[in-house]
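A closer look at the structure
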Amino acid sequence: MPRLSEVIAALDALWPAGLAESWDAVGTVCGDPEAEVSRVLFAVDPVQEIADEAVRLGAQLLVTHHPLYLRGTTTVSASTFKGRVVHDLIRHDVALHVAHTNADRADPGVSDALAGALDLRVVRPLVPDPADRDGRRGLGRICELDHPLTLAELAERAAKRLPATAQGIRVAGDPDALIRTVAVSGGSGDSLFDDVRAAGVDAFLTADLRHHPASEAREHTPLALLDAAHWATEWPWCELAAAQLDEISDRNGWGLRVHVSKTVTDPWTAHAASTTTDTSGAPN
């Protein structure tokens, strides 16, 4: 069995910390570098439910996309929910490692996994990493469809291919408009509208679109928008990352057992559709 330090070194080669945004908090949160690792769990969120799952599974390493402490802390007291996660992981000898914006920018990365889940062909990064001479790393991806779909058909594909959430897929645009090119970005993407417009794509699929940026984007161009749940757009990366570690384990003869959590940690749990038939405007 490999030591934790060996597995972390392999993960750091996949998602170098130097690719992370300056504000991000990536890397190993807790864990003994000399501890042996036989089982690994991948998940999006380092919440208590996922920590409990890692313990039940008997994992020695939990790898999450989202950081546990993004803005730092002065305490890991078990009286706080994040402190409780740390205490439970350490008590059961489970290390925690985070790959966030470094996994977003990697090749392949979070948006490659999202494109793959939607059966889109990746053409290039949406925001290329200037340090990458091959032009493959960066934020988001510009993609092409094998054959044009209407916006409604693309939204239906996204709803079927991405993990089910209470939100589903919100759509802005003419449902009959033909879509040939799509920009995708796992996680919150409305800071990328300028890059999406510059790319000249027909549609943009991402998460966490806010009213004003979305409204302004629609006023600028006929760009169609597809807004999925944040967790759902990033979960496909867990499967990609697990497959990458499986391949490394096989190559090194480690015999790791690598798992992907199917637990839905999207914070929204229900959706009530509007039922009014009055289209005259806002209620009085």
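Residues numbered from 1 in each chain as written. Predicted model: local features only at pLDDT ≥ 70, side-chain atom pairs only at ≥ 80, totals over all residues. Heavy atoms only, no water.

Per the UniProt record, the feature "binding site: a divalent metal cation" (unreviewed entry) sits at His65, His66, Asp104, His230 and Glu234. In three dimensions, the annotated residues from a span of 170 residues occupy one location, with a maximal C-alpha spread of 13.4 Å. Positionally, histidine 65 belongs in the loop between strand S3 (61-64) and helix H3 (81-91). A residue is classified by how much of its surface remains accessible, and histidine 65, at 0% relative accessible area, is buried. When sequence neighbours within four positions are dropped, the list of residues in contact with histidine 65 reads Ala43, Val44, Val98, Ala99, His100, Ala103, Asp104, Val110, Glu234 and Trp237. Along the chain, glutamate 234 falls in helix H9 (residues 230-252). On the basis of relative accessible area, glutamate 234 is assigned to the buried category, the value being 2%. Discounting chain neighbours no more than four positions away, the residues touching glutamate 234 are Val44, His65, His66, Val110, Gly186 and Gly187. Reaching out from glutamate 234, the side chain makes a polar contact with the side chain of histidine 65 at a distance of 3.2 Å. (UniProt positions renumbered as here; feature names shortened; annotations may be inferred. Helix = DSSP H or I, 4+ residues; strand = E, 2+ residues; numbered from the N terminus. Buried < 20%, exposed > 50% of the residue type's maximum accessible area, 1.4 Å probe, protein only. Contact = heavy atoms within 4.5 Å. Polar contact = N/O pair within 3.5 Å; in protein donor to acceptor, adjacent residues only side chain to side chain.)

This part is about the sheet that holds strand S10 (residues 224-228). One open sheet holds the six strands; their spatial order is S5-S6-S8-S9-S10-S7, and the pairing between them is mixed. For this open sheet the edge positions go to strand S5 (121-128) and strand S7 (170-172), each flanked by a neighbour on one side alone. With strand direction ignored, the average angle separating the axes of adjacent strands in the sheet is 25°. Bridging between S7 and S10 involves three bridges; their strand directions are antiparallel. Each residue of the ladder has a partner; that of arginine 170, found in S10, is aspartate 227. Those strands touched by helix H6 (residues 151-161) are strand S6 (138-150), S7, strand S8 (178-188), strand S9 (203-207) and S10, and its axis lies near 120° from that of S6. (Pairing = 2+ DSSP bridges. Axes fitted to C-alpha atoms, helices over the stretch in contact; angles between N-to-C directions.)

Right, let's get into H6. Among all positions of H6, only Leu151, Leu154, Ala155, Arg157 and Ala158 are buried. The buried residues of H6 occupy an angular sector of 155° when projected down its axis, which confines them to one face. Against S6, S7, S8, S9 and S10 lie the buried residues of H6. (Arc of directions from axis to C-beta.)

A few words now on the pattern of salt bridges. Applying the stated criterion across every chain, the model contains 13 salt bridges. Where glutamate 144 meets arginine 121, a salt bridge forms, and the shortest distance between an N and an O atom there is 2.0 Å. Within this pair, whereas glutamate 144 is found in strand S6, its partner arginine 121 is found in strand S5, the two being separated by 23 residues in sequence. For glutamate 144, a relative accessible area of 30% puts it in the partly exposed group. Among the ionic pairs, arginine 251 bridges to glutamate 247, the shortest N-O distance being 2.5 Å. In this pair, arginine 251 and glutamate 247 both sit in helix H9, four residues apart, roughly one turn of the helix. (Salt bridge = Lys/Arg side-chain N within 4 Å of Asp/Glu carboxyl O.)

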